[in-house]
Amino acid sequence: MTEADHPLLAGLTLEQRDAVTTGASPLCIIAGAGSGKTRVLTRRIAWQASQGNADPRRTLAVTFTRRAARELRARLRRLGLNDEVRAGTFHAVALAQLRRHAADSGRRPPRILENSGGLIAELRPKADRAAVTDIVNEIGWCQARLVLPEEYPAEARSAGRRPPWGRADRFAQLYADYESAKRRRRVLDFDDVLSRSLELMATDPKQAAAHRWLHQHVLVDEFQDINPLQFALLRSWLGPDSTLVVVGDPDQAIYGWNGADPGLIDAVGEHLPGCAVLHMRTNFRSTPEVLAAAGRLLSRSPQPAVRPPGDEPTVTVCDGSDEASVLARAVRHRHRPGTRWRRQAVLARTNAQLEPLRRALLRHGIPVAAPSERSLIRKPEIAALLGAWPADASLASCVAGIGREGRDPESAAAPLAGTPVEDTPEARATVEAFLDFVNDHLTLDPDSTVAAFRTALRADDRAAAPSDGVDLMTFHAAKGLEWPVVHIVGMEDGFVPIAHARTAAALAEERRLLHVAVTRAEQELHVLWCDRRDLGGESVDREPSPWLEMIGTSRRSDDTESWMARNLEGVARARRAIADPG
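This structure is a prediction, so every number in the text was calculated from the model and none was measured.

Looking now at the overall build of the chain. Scanning the chain from terminus to terminus reveals 24 helices and 13 strands. Within the chain, the proportion of its 582 residues that are buried is 51%. In the chain, 77% of the contacts between residues at least 6 apart in sequence involve partners at least 24 apart. Accessible area for the chain stands at about 26700 Å²; split by element, carbon and sulfur atoms hold 51% of it.

The subject of this paragraph is the sheet that holds strand β1 (residues 27–31). Ordered by their spatial adjacency, six strands build an open sheet running β3-β2-β4-β5-β1-β6, and the pairing between neighbours is parallel. Edge positions in the open sheet fall to β3 (86–89) and β6 (276–280), since each of these has one partner strand only. Ignoring strand direction, the axes of neighbouring strands in this sheet form an average angle of 15 degrees. Relative to strand β5 (residues 243–248), β1 is paired through four bridges, and the arrangement is parallel. Looking at the pairing, C28 lines up with V246 of β5. The sheet contacts of helix α1 (residues 14–21) involve β1 and β6, and relative to β6 the element is tilted by about 145 degrees. Along the sheet, helix α3 (residues 66–78) makes contact with β2 (59–63) and β3, crossing β3 at roughly 165 degrees.

So, on to the packing of helix α4 (residues 90–105) against helix α9 (residues 190–203). For the pair α4 and α9, the least separation of the axes is 9 Å and the interaxial angle reads 55 degrees. Classified by the angle their axes make, α4 and α9 are oblique. In the packing of α4 onto α9, the handedness of the crossing is left-handed. Packed against α4, whose contacting residues are F90, H91, A94, L95, Q97, L98 and H101, the element α9 presents F190, D191, V193, L194, R196, S197, L200 and M201 at the interface. Per-class residue counts for the contact of α4 with α9 are nine nonpolar, four polar and two charged.

Moving on, we get to the nonpolar core. F90, V220, F223, L234, W237 and L244 are the most contacted members of the largest nonpolar core, which totals 35 residues. Broken down by element, this core gets its largest block of residues, six residues, from α4. Not counting the four nearest positions on each side in its chain, W237 is found in contact with L60, V62, F90, V93, Q97, S197, M201, H211, R212 and S242.

Take the pairing of strand β7 (residues 314–319) next. Walk down a regular strand and you will see the side chains alternate between the two sheet faces. Bridge count for β7 against strand β11 (residues 521–535) is six bridges, and the pairing is parallel. The partner of V315 across the bridge, within β11, is V527. Sheet topology note: the β7/strand β13 (residues 554–556) ladder contains three bridges and is parallel. Within β13, the residue paired with V315 across the bridge is S554.

Attention now goes to the environment of R520. Relative to the helices and strands, R520 resides in the loop between α23 (504–518) and β11. It is 7.1 Å that separates the C-alpha atoms of R520 and V486, two residues lying 34 residues apart in sequence. Setting aside residues no more than four positions away along its own chain, R520 makes contact with A33, Q252, R285, L347, A478, K479, G480, L481, E482, W483 and V486. Among the polar contacts listed, one links the side chain of R520 to the side chain of Q252, at a separation of 3.4 Å.

Conventions adopted
Residues numbered from 1 in each chain as written. Predicted model: local features only at pLDDT ≥ 70, side-chain atom pairs only at ≥ 80, totals over all residues. Heavy atoms only, no water. Helix = DSSP H or I, 4+ residues; strand = E, 2+ residues; numbered from the N terminus. Buried < 20%, exposed > 50% of the residue type's maximum accessible area, 1.4 Å probe, protein only. Contact = heavy atoms within 4.5 Å. Areas by Shrake-Rupley, 256 points an atom, 1.4 Å probe, with all protein chains shown as cover. Pairing = 2+ DSSP bridges. Axes fitted to C-alpha atoms, helices over the stretch in contact; angles between N-to-C directions. Parallel < 35°, antiparallel > 145°, perpendicular 65-115°, else oblique. Left-handed = near helix turned anticlockwise from the far one by under 90°. Nonpolar A, V, L, I, M, F, W, Y, C, P; charged D, E, K, R; others polar. Core = buried A, V, L, I, M, F, W, Y, C linked by side-chain atoms within 4.5 Å. Polar contact = N/O pair within 3.5 Å; in protein donor to acceptor, adjacent residues only side chain to side chain.

This is how it looks when you write it as structure tokens:
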């Protein structure tokens, strides 16, 4: 069989084929939105294994969410690699390493602080919930950027950050108090897991060599979102025999506020000397009209489209008091009989914008699947399962006999036996999804306890249960997802860009964030903004986002309504004329 006839290369574009077959290492694949990066990652792993260039049992794929790891492993199974490749987040891989090291050393596994906010609230009891969240996020930024408490004032000033707790020196003291409290309690927070893994790689040559041998071939997804701590850990995982592939898109770098460093992919050759760079631009997801709008946002030519032409994006302006009802009518109008509601998504810049819209959609009889409602760990059937398993029990033993493979559909009810949860098709589907995450966790940590799995699941609480409803998400949460129909709301200055984005770097990230939101749409893109809103108890005039005109021209919602009414009247007259030609 020639290379051109190989089934693993079937259907690939030339740029995708190059990314799959090249033996270059280190290799950076710049994968534009919708360019098939997961397809290329999985085909590359399978291709390199088929050519004898990489042992799948010594291959590690690092993702940024458990959902992405699960999707990657599912695709690899379809390509014939049955659970041979390890896949997981940086935190999951690092935690599994620390647990193995503890077991090998006869020590207790690390205790994880699952609620950093609770500890902050103890240290600063006068801080309200919003302040606690801001403090936790700022400490996370410090940890991601390898900033020590005493370094914070200078680093915050250099980065243009505003301390969430008074002056920079006051926040630095709070940060130091937080670190001291963790040490006294002998607990690690989630970012400590990464720094401890990095420390272990630097101080224990035997453990470092074992980790590098087990993970000889490393692939990293979403490289544009990597932060300095994660990059330092990644570098420590690499040895002289390692191969490395990183995949990312500078145009989707949207986590600088959280510590990510887009400069790592922008100047990848400086950070990974000798790195080869390949580009994948062809977009398989969106129509040319959506991609044209996305290209205008970034002031560049649009990605080549595979989809045929579709409708131009629409832009509607209304009063804030009408926003929810206008959105509800738009969503219902685009719901096709017999199709699922989850074909549509409503995206906003902030979480606060979504709650009133969620209530309005429900009042209009439109089902909604908000991320918090879809979270697996919050589902009663999953809570019942986890509650029935002893914390120190072997996770593998608890799921023995209820694994996915070889089970008939009705046997999915087995895990629900003896629980107070109603045995329904939806509950069984939720358990099936949960078991997929259990199996993925066990590939990284075969000796995991139930408690360790709970901790890992809470570290990435985006594991979603199956449901049918319109997705309501922030721009950030929507990254990596796609829908046939996308509604973007609140396209006003102050939301897009967000009011606190003042520096050139922050504004550039806001622009990329909008690009991410726009490119979630496969077929239809509809944008809504309000020229007046009730803010703080008074009606305030609003200005459109400075980037709105790059998407389209606004039309008032009442104009749209009257246009529909005129057309409906015309249809009615035509029908009467046909029925009574005299």
